[in-house]
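Structural overview for review
Spelled out from the first residue to the last, the chains are:
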Amino acid sequence: MNVKITHTPEVQAFFKEVSGLGNDQGSPRLKQLMFRVVNEIAKIVEDLDVTDDEFWVLIDYLNRLGSNNEAGLLVAGLGIEHFLDLLQDAKDEQVGLVGGTPRTIEGPLYVAGAPLSQGQARMDDGSEDGVATALFLQGVVRDADGNPVSGAVVDLWHANTQGAYSYFDSRQSEYNLRRRIVTDSEGRYRARSIVPSGYGCNPQGPTQECLDQLGRHGQRPAHIHYFISAPGHRHLTTQINLSGDKYLWDDFAYATRDGLVGQVNFVEGNAQAEQLGIVGRHAELEFDFQLQSAPSPEAEQRSNRPRALQEG
Ligand code: MBD
Ligand code: FE
């Protein structure tokens, strides 16, 4: 028996009361959002006949999700973070704000305050020497007209050969595989790093628990995240997803997009060079970015999403 009461005046008045719409304190915006949230939950419960057991299992799940710091991970895995990109793309298109390198999701693993250097940086701490393949990464940041942008800040981060990110993985050194590089007079950034592996959700965590019930995996292809910013240009949040990865177009977070696939070229070393301590077999990746002009000063900045900020 499917009984519906959400729409009744009594229940609507009750939801207005719980959302604070009957008082003049607090935040009008949060009241507006909460009234809608409470209504949508009520509608889902009555429309889909959600049982008591289903409801309280969900509440317990949310507690576990939060206590494991996986809310941002689940949002990525459910494609909601990608949806936000699609929505912003559609808004941009409506006002003719198009062109340049596509945006894609930030994900939950950025840490602010990485070491800043001019033109180039070594990103890895050497702890995977002999295990990892050295990666020589470079590219040019261009403006909307295709001219190089010098002085742009390229803030990039990626996983190690285990698919793990420093800060979140306590075994790694501070800011390992995280750097901010200011582009040189030719608009170029250069990094020496290591070829990352793809990320996989913790198989014991609440996000994977949900994905299991959806019949889905929790894997991402190997990728490198970028924030790029420069005065007068629109902030860009994007990623390079690496060609050849099994999960390139089967990403649990749906971040791979046309125009964001990076071609990694493996270069065989020669023994003579290796003997001289020069890097042997290594990889090269060249990837240029094009920024849009900033439609407003605020557009030069990244969002105010709460992020980890390591002291030091
Ligand atoms: C990642 O490395 C990532 O980029 C995203 C979007 C989600 C989980 C891990
Ligand atoms: Fe990532």
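- Under an unreviewed UniProt entry, the chain has the name catechol 1,2-dioxygenase and belongs to Pseudomonas fluorescens HK44.
- The record in UniProt for the chain states the following under Catalytic activity (unreviewed entry): "catechol + O2 = cis,cis-muconate + 2 H(+)".
- You can read under Cofactor (unreviewed entry) in the UniProt record for the chain the words "Fe(3+)".

**A look at the packing of helix 1 (residues 9-18) against helix 2 (residues 28-47)**
- Viewed as axis vectors pointing N to C, helix 1 and helix 2 meet at an angle of 135°, and their least axial separation amounts to 9 Å. With respect to helix 2, the element helix 1 is oriented oblique. Handedness of the helix 1/helix 2 crossing: right-handed. Residue-level inspection shows Gln 12, Phe 15, Lys 16 and Val 18 of helix 1 in contact with helix 2, the latter providing Phe 35, Val 38, Asn 39 and Ala 42.
- For the contact of helix 1 with helix 2, the per-class residue count stands at 5 nonpolar, 2 polar and 1 charged.

**Observations regarding the pattern of salt bridges**
- A complete count under the given rule lists 18 salt bridges for this structure.
- With its nearest N and O atoms 4.0 Å apart, the salt bridge here joins Arg 142 to Asp 288. On the criterion of sequence distance, the pair formed by Arg 142 in strand 4 (residues 134-142) and Asp 288 in the loop between strand 12 (282-286) and strand 13 (289-290) is long-range, its members being 146 residues apart.
- Residue classification places Arg 142 among the partly exposed residues on the basis of a relative accessible area of 28%.
- For Asp 288, a relative accessible area of 35% puts it in the partly exposed group.
- If you follow the salt bridges from partner to partner, you end up with Asp 89, Asp 92, Arg 103, Arg 234 and Arg 257 in one network.

**Notes on the coordination of the iron ion (ligand 2)**
- The protein atoms that coordinate the iron ion (ligand 2) are Tyr 165 (OH), His 223 (NE2) and His 225 (NE2), at distances of 2.0 Å.
- Linear spacing of the donor residues for the iron ion (ligand 2) on their chain is Y-x57-H-x1-H. On the criterion of sequence distance, the pair formed by Tyr 165 in the loop between strand 5 (153-158) and strand 6 (178-182) and His 223 in strand 8 (residues 223-229) is long-range, its members being 58 residues apart. The exposure classification of Tyr 165 matches that of His 223, with both residues buried.

**Focus on the UniProt feature "domain: Intradiol ring-cleavage dioxygenases" (unreviewed entry) in the chain**
- The residues that UniProt annotates with the feature "domain: Intradiol ring-cleavage dioxygenases" (unreviewed entry) are residues 137-165.
- Structurally, residues 137-165 is divided into 0% helix and 41% strand, and its ends, taken at the C-alpha atoms, are 18 Å apart.

**Some thoughts on the packing of aromatic side chains**
- What the rule picks out here adds up to 11 aromatic pairs.
- A ring pair is formed by Phe 14 and Phe 15, whose centres lie 5.9 Å apart and whose planes are at 40°; its orientation type is tilted.
- Ring geometry for Phe 55 against Trp 56: centres 4.9 Å apart, planes inclined by 85°, an arrangement best described as edge-to-face.
- Taken together through their ring pairs, the aromatic side chains of Tyr 189, Tyr 226, Phe 287 and Phe 289 make up a single cluster.

**With respect to the site of ligand 1**
- Around ligand 1, the structure places Leu 73, Ile 105, Gly 107, Pro 108, Leu 109, Tyr 165, Tyr 199, Arg 220, His 223, His 225 and Ala 253.
- Note that an oxygen atom of ligand 1 is positioned 2.8 Å from one of the side-chain N or O atoms of Tyr 165.
- Here an oxygen atom of ligand 1 and a side-chain polar atom of His 223 are 3.1 Å apart.
- Its atoms largely coinciding with the cavity grid, ligand 1 occupies the largest cavity.
- A class-by-class count of the residues in the shell around ligand 1 yields 7 nonpolar, 3 polar and 1 charged.

The rules we used
- Residues numbered from 1 in each chain as written.
- Chains lettered and ligands numbered in written order.
- Predicted model: local features only at pLDDT ≥ 70, side-chain atom pairs only at ≥ 80, totals over all residues.
- Heavy atoms only, no water.
- UniProt positions renumbered as here; feature names shortened; annotations may be inferred.
- Axes fitted to C-alpha atoms, helices over the stretch in contact; angles between N-to-C directions.
- Helix = DSSP H or I, 4+ residues; strand = E, 2+ residues; numbered from the N terminus.
- Parallel < 35°, antiparallel > 145°, perpendicular 65-115°, else oblique.
- Left-handed = near helix turned anticlockwise from the far one by under 90°.
- Contact = heavy atoms within 4.5 Å.
- Nonpolar A, V, L, I, M, F, W, Y, C, P; charged D, E, K, R; others polar.
- Salt bridge = Lys/Arg side-chain N within 4 Å of Asp/Glu carboxyl O.
- Buried < 20%, exposed > 50% of the residue type's maximum accessible area, 1.4 Å probe, protein only.
- Donors = N, O, S within 2.8 Å, 3.2 Å for Na, K, Ca; no water.
- Phe/Tyr/Trp six-rings, centres within 6.5 Å; stacked < 30°, edge-to-face > 60°.
- Near = heavy atom within 4 Å.
- Polar contact = N/O pair within 3.5 Å; in protein donor to acceptor, adjacent residues only side chain to side chain.
- 1 Å grid on protein atoms, 1.4 Å probe; cavity = no way out; pocket = protein on both sides within 12 Å on 5 of 7 lines; lining within 4 Å.
- Sits in = over half its atoms within 2 Å of the grid points.

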